[in-house]
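Each chain, written out:
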Amino acid sequence: MFEFIGERIRQILFASWQHFSLVAQCLILATVIAVVIAALVYRNKSLSSLANGVSAIGLTIPSFAAIGLLIAPFGFGVTPAVIVVSFFAALPIIRNAIVGLAGISPSVVESARGIGMSRMRTLATVELPMAWPVILSGIRVSAQMVMGVAAIAAYALGPGLGGFIFSGLSRLGGAKAFDSVLVGVIGVVILAFILDLILLGIGRLTTPRGIRV
Amino acid sequence: MSESSDAITGASILLDVVTKQYPGQIKPAVGGLTLEIPAGSIVMFVGPSGCGKTTTLKMINRLIEPTGGKIVINGEDVTKMDGDTLRRRIGYVIQAGGLFPHMTVAANIAIVPKMLGWKKDKIAARVDELLELVSLDPAIYRDRYPKELSGGQQQRVGVARALAADPPVLLMDEPFGAVDPITRQRLQDELLNIQSEVQKTIVMVTHDFDEAVKLGDWIAVFDEGAQLVQYDSPERVLANPANEFVENFIGSGAGLKQLTLTRVNEVDLMDTITALPGELASDVLSRLQGDGSSYAVVLDKRRRPIRRLTRRQLSRLQLIDDTVDESMPLVSDQSTLNDALDTMLVSSSETAVVTGRRDVFRGLINVQTIMEAISQANAASADGSDAPVGLNSGAIPALSVEDAVAAEPRSAEDPHSAEEPR
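The rules behind these values
Residues numbered from 1 in each chain as written. Chains lettered and ligands numbered in written order. Predicted model: local features only at pLDDT ≥ 70, side-chain atom pairs only at ≥ 80, totals over all residues. Heavy atoms only, no water. Helix = DSSP H or I, 4+ residues; strand = E, 2+ residues; numbered from the N terminus. Buried < 20%, exposed > 50% of the residue type's maximum accessible area, 1.4 Å probe, protein only. Contact = heavy atoms within 4.5 Å. Areas by Shrake-Rupley, 256 points an atom, 1.4 Å probe, with all protein chains shown as cover. Lys, Arg positive; Asp, Glu negative; His and termini not counted. Charge placed at Lys NZ, Arg CZ, Asp CG, Glu CD. Buried area = accessible area lost by both parts, 1.4 Å probe. Salt bridge = Lys/Arg side-chain N within 4 Å of Asp/Glu carboxyl O. Phe/Tyr/Trp six-rings, centres within 6.5 Å; stacked < 30°, edge-to-face > 60°. Lys NZ or Arg CZ within 6 Å of the ring centre and 35° of its normal. pLDDT = per-residue confidence, 0-100. Pairing = 2+ DSSP bridges. Axes fitted to C-alpha atoms, helices over the stretch in contact; angles between N-to-C directions. Expected span 1.5 Å × (residues − 1). Arc of directions from axis to C-beta.

1. Focus on the overall build of chain B
When helices and strands are counted, chain B shows 16 helices and 17 strands. Taking all 422 residues of chain B together, 55% fall into the buried category. Contacts in chain B between residues far apart in sequence, at least 24 positions, make up 65% of those at least 6 positions apart. Working note: accessible area of chain B is about 18500 Å², and carbon and sulfur atoms make up 49% of it.

2. Thoughts on the overall build of chain A
Along the backbone of chain A there are 8 helices and 0 strands. Its helices and strands in sequence order give chain A the pattern α-α-α-α-α-α-α-α, from N to C terminus. Along the longest, intermediate and shortest principal axes, the C-alpha atoms of chain A span 70 × 40 × 20 Å. Buried positions account for 47% of the 213 residues belonging to chain A. Sequence-distant contacts, at least 24 apart, represent 76% of the contacts inside chain A between residues at least 6 apart. Carbon and sulfur atoms make up 73% of the accessible area of chain A, which totals about 10500 Å². Looking at charge distribution, chain A has the averaged site of its 14 positive side-chain charges lying 12 Å from that of its 6 negative ones.

3. Comments concerning the interface of chain A and chain B
Opposite the 21 residues of chain A that make contact, chain B presents 23 residues. Together, the buried faces of chain A and chain B total about 1900 Å²; carbon and sulfur atoms form 60% of this surface. It is Glu110, Ile115 and Arg209 of chain A that lose the most area in chain A upon contact with chain B, and together they represent 31% of the buried surface on that side. The interface formed by chain A and chain B includes 3 salt bridges.

4. So, the packing of aromatic side chains
Each pair of aromatic rings is reported with the distance of its centres and the angle of its planes. Counted by the stated rule, this structure contains 5 aromatic pairs over all chains. Here Phe87 of chain A and Phe88 of chain A contribute two aromatic rings whose centre-to-centre distance is 5.2 Å and whose plane-to-plane angle is 80 degrees, an arrangement assigned as edge-to-face. Exposure remark for Phe88 of chain A: the relative accessible area of 3% places this residue in the buried category. We note Arg161 of chain B situated over the ring of Phe100 of chain B; from NZ or CZ to the ring centre the distance is 4.7 Å.

5. Description of the confidence of the model for chain A
Scored by pLDDT, chain A comes out at a mean of 90, with 100% of its residues at no less than 70. Mean pLDDT values over the elements of chain A span from 86, in helix α3 (residues 63-74) of chain A, up to 93, in helix α6 (residues 119-152) of chain A.

6. Focus: the sheet that holds strand β12 (residues 295-299) of chain B
Residues and elements named next belong to chain B. Pairing in this open sheet of 3 strands is mixed, and the strands run β11-β12-β13 from one edge to the other. Here the strands that pair on one side only, and so sit at the sheet edges, are β11 (273-275) and β13 (305-310). Between one strand axis and the next, the sheet turns by 30 degrees as a mean value, whatever way the strands run.

7. Digging into the pattern of salt bridges
Residue and element names in this part refer to chain B. Here the structure, examined in full by the defined rule, presents 22 salt bridges over all chains. One salt bridge connects Arg142 with Asp128, and the closest N-O pair in it is separated by 3.0 Å. Placement of Arg142 in the loop between α5 (138-141) and α6 (151-163) and of Asp128 in helix α4 (residues 120-133) is noted, with a sequence separation of 14 residues between them. Take Arg142: its relative accessible area is 28%, and that puts it in the partly exposed class. According to the relative accessible area criterion, Asp128 is partly exposed, its value standing at 24%. Lys200 is the partner of Asp166 in a salt bridge, and the nearest nitrogen-oxygen pair spans 2.6 Å.

8. Concerning the pairing of β13 of chain B
Among the 6 residues in β13 of chain B, 5 count as buried, and that is most of the element. Where β12 of chain B folds back on β13 of chain B, the antiparallel hairpin that results is connected by 5 residues, among which Arg303 of chain B adopts a positive phi of roughly 60 degrees.

9. Notes on helix α2 (residues 45-60) of chain A
What sets the pattern is the α-helix's 3.6 residues per turn: residues three or four places apart point alike. Residues and elements named next belong to chain A. Spanning 16 residues, α2 covers 23 Å between terminal C-alpha atoms, matching the ideal 22 Å at 1.5 Å per step. Considered for burial, the residues of α2 that qualify are Ser48, Ala51, Ser55 and Gly58. Buried residues in α2, looked at end-on, bunch into an arc of 90 degrees, giving them a common side. Residues Lys45, Ser46, Leu50, Ile57 and Thr60 are exposed on α2 and point more than 90 degrees away from its buried face. Buried residues along α2 sit in contact with α1 (2-41) and α4 (78-102).

10. Focus on unusual backbone geometry
All names here are of chain B. Even without a glycine there, the phi angle at Arg62 is positive, about 60 degrees. Not every positive phi belongs to a glycine, and Asn74 is a case in point at roughly 55 degrees. The topology assignment puts Asn74 in the loop between β4 (68-73) and β5 (76-77). Owing to a relative accessible area of 54%, Asn74 belongs among the exposed residues under this scheme.

As structure tokens, then:
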């Protein structure tokens, strides 16, 4: 095991960084997409339940199947990996963003409009900041989930630690195959832990004292 | 503290046959309402819930867009201008202040000046000025968050935020509905004190008739569909209710009306000996005996009363300290005699301490003064020639103020014929 790590330390660190970077960038992309979608639908009850329904169904799609299907139109490599990871990352964030935005007391929004804030300004300076803690908890759930999804992206030859898992699994019983899988899995868990700590820190820094619980 | 000029900074408002018709409803929520709101006065909209008074209020700043008619503020037709620009020029206060929980008190107050592009130091100075105006110490409250304030304090900040950019008009939607009765009385008194300094045009919605009588220069009583049933001064609404609906709405016994109509500053207050913390109790006692009064009132640096002392209490003291007596019966000079009597009854005291602008000590009031005031003031209802215009076009003309109808050249229009742009 340690021998395996020692021999490939540079390779492992590089793959870990790639994995982390893939997840982080997809999370940012997913957050933007999810917040935009939530902002478009949260005022309307039926649109909101539609978005929630799509999100629920989306989460039941096996990620392995999703990436397999995307190989056909997009080929191997980074593109299908980014699409799949961002897609799965966006789903929990959409739900939380809708809940967060819809949960803001109408009187707060009314007073924002009443003192002359436009719809956009109200959304940007009042509603989103107030919904932010809820959105961020959605991002944290997403981050944990897509760490695993990103590993599967290696099936389409995407970047990251998934490569160790797949190559190990494909020659299971062979020399150091088990070590390879183990390195991939443990690496993903450690990265997930680190990312969660970072998100926790971001939450501390970006949540105003007035709405901290 | 400062006696600012009594110049009216408010603007007149005219609702000109304003209609709100919601799609899919047969009866309009507001049907052809014409209402004149004089500059610098407080106009109270009262009526049962669902009568359209809040809809009417929100059409003034176009939070609800009217489907017909014109809204004219200070001679300018604002019906077609950009709604957000309009609302930045009109203060808006709702129940519990509607503060933004993620912003500090200062940030909340600074919103409108910021949108209007004021300089940073001007905004900071304005925030402190407004906090002083609503009796909150800027050093203590500036950086607090709304959840760290009591309901009454949140409401005060809400008023400060609405006044931030010095708008000529202030709209208030049941602002004191969510606070306890004692806090409400205080906030009402404070609003009157603030109004005597700023002289805005204030339109307030309430369902509490006593509040309307206490605060209003004019009261507009609405029935369903924003039918204006009576629009007149509190005295005359009480003395001559336009019809049975208004009579029922007024409710309470006629005998006690004078208590709600007369304010503490309209009766003679008693002077008394005042003292500052740090004085010798024996000095104060000898002055008190020379004066013949029964209480000495201890004031703080800003001449706000903090406690009152009887002769017996004084004789037991060495030095007057700065202890604050929270249970001291305290009324504002803007309070009604009803409030004052109430305060005395609650604290089982025959006298109450009266404060004026910014809580500065004014004098004492006692039960005898109140009783005399009631027996004296009986024929208070004057003639109605100066009432502002208010009527529903084509709707129950018998219920409108007669001479107001005569002064209004507009022919009755059918509210249902109003065009619907949407």
